[in-house]
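# Chains, contacts and geometry: an overview
Chain residues, written in single-letter form:
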Amino acid sequence: MRHPEQFDVLERHVLTELAEKGRVRAWSAGCSYGAEAFTLAAVCMSTVPKANVSITGVDIDPRMIEAAREGVFSAADARAVKPGLMDTWFTRRPDGRFEAKPALRALCRFEVGDLLRVQPRAAAYDLVMCRNTVIYFNDEVRDALHARLVTALRPGGYLVVGATERVSDPAGIGLAPTHPFTYRKI
């Protein structure tokens, strides 16, 4: 993870609150090769182990989805993850890479999908993470995507964006900022 401080906020605040309802349904929108989804799974297993957790990763590139389904990451991918998480939830392979253990793999599923076209089910998720994805879009496309992502959140759910991204009109789409780059659906 390039921004482990966002996972610190998730650990300390968001996941604990969401898990009070007994479940955490998360969507990693623009999941690339799955590092974010598996990191979130490991954080959930460590922070809210009794919660029923499911994480869906979606990316437009079928090659990235295949890599995500493998659940194998380089040492460089693991460099910013807390060592305890890596030791507990990943197995170091002889080639030096890390493989997600079966308990993590059971929490994650991955699908090919175009975020600009997908129509998510309303209120299907407690947490939507769309980090480092909208930086490639113009303002109009970014704003439309954020509005669609908000429809996927249940009331009280959270949207997390990348540290270099912003939601241009949070209140206008039903969000309130709670922490840096983290918004709660009103």
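So, a few notes on the structure that sits alongside this text. Numbering of residues begins from 1 in every chain and follows the order in which that chain's sequence is written. Per-residue local features of the predicted model are confined to residues with pLDDT of at least 70, and side-chain atom pairs are confined, for both listing and counting, to 80 or more; whole-chain, interface and lining totals are unaffected and use all residues. Hydrogens and waters are ignored; side-chain quantities use all the structure's heavy atoms.

### A look at the pairing of strand S7 (residues 125-130)
The two faces of the sheet receive side chains in turn, since in a regular strand these alternate between them. Formally: Only protein chains enter the accessibility calculation, which uses a 1.4 Å probe; a residue whose area is less than 20% of its type maximum is buried, one above 50% is exposed, and one in between is partly exposed. We count a stretch as a helix when DSSP gives it H or I for four or more residues in a row; a strand needs E for two or more, and each element gets its number in order from the N terminus. We treat two strands as partners when DSSP finds at least two bridges between them. Crossover handedness is defined here as right-handed if the route from the first strand over the helix to the second strand goes clockwise, with the strands pointing away from the viewer.
Of all six residues in S7, six are buried, a share of seventy percent or more. The pairing of strand S1 (residues 23-29) with S7 spans three bridges and is classified as parallel. Its bridge partner being in S7, Trp27 is matched across the sheet by Val128. Two strands pair when backbone bridges link them, and S7 and strand S8 (residues 153-161) are joined in this way by five bridges, in the parallel orientation. Each residue of the ladder has a partner; that of Val128, found in S8, is Leu159. Running through helix H7 (residues 139-152), the crossover from S7 to the neighbouring parallel element S8 is right-handed.

### Things to note about the packing of aromatic side chains
Quick note on the threshold: To pair, rings of Phe, Tyr and Trp, with the six-membered ring standing in for Trp, must have centres within 6.5 Å; the planes then decide the type, stacked if under 30 degrees apart, edge-to-face if over 60, and tilted in the middle.
As enumerated under the stated definition, the model contains five aromatic pairs in all. An angle of 65° between the planes, with centres 5.7 Å apart, marks the rings of Phe38 and Phe73 as edge-to-face. One end of the pair, Phe38, is in helix H2 (residues 35-47); the other, Phe73, is in strand S3 (residues 72-73), with 35 residues separating them in the sequence. Phe73 matches Phe38 in its accessibility class, with the two residues each being buried. Residue classification places Phe73 among the buried positions, given a relative accessible area of 6%. Each residue in the set Tyr33, Phe38, Phe73, Phe90 and Phe110 is aromatic and connected to the rest through ring pairs, giving one cluster.

### Quick look at the sheet that holds S7
Note: strands within a sheet are paired through backbone hydrogen bonds, in either parallel or antiparallel orientation. What counts, and what does not: An axis is simply a line fitted to the C-alpha atoms; with a helix, the fit covers only the stretch in contact. Between two such axes, the angle follows the N-to-C directions and lies from 0 to 180 degrees. Only heavy atoms enter the contact rule, under which two residues are in contact if any of them lie within 4.5 Å.
Taken together, seven strands build an open sheet; the order of strands is S6-S2-S1-S7-S8-S10-S9 and the sheet is mixed. A strand with exactly one partner marks an edge of an open sheet, and here the two such strands are strand S6 (108-112) and strand S9 (175-179). Strand-to-strand twist across the sheet, computed as the mean angle between neighbouring axes with direction ignored, equals 20°. As paired elements, S8 and strand S10 (residues 182-185) share three bridges and run antiparallel to each other. Across the sheet, Tyr158 pairs through a bridge with Arg184, a residue of S10. Contacting S1, strand S2 (52-59), S6 and S7, H2 runs over the sheet at an angle of about 160° to S6. Across the sheet, helix H3 (residues 62-70) lies against S2 and S6, angled at about 165° from S6, the strand it touches most.

Don't take any of this as a statement about function, it's just geometry.
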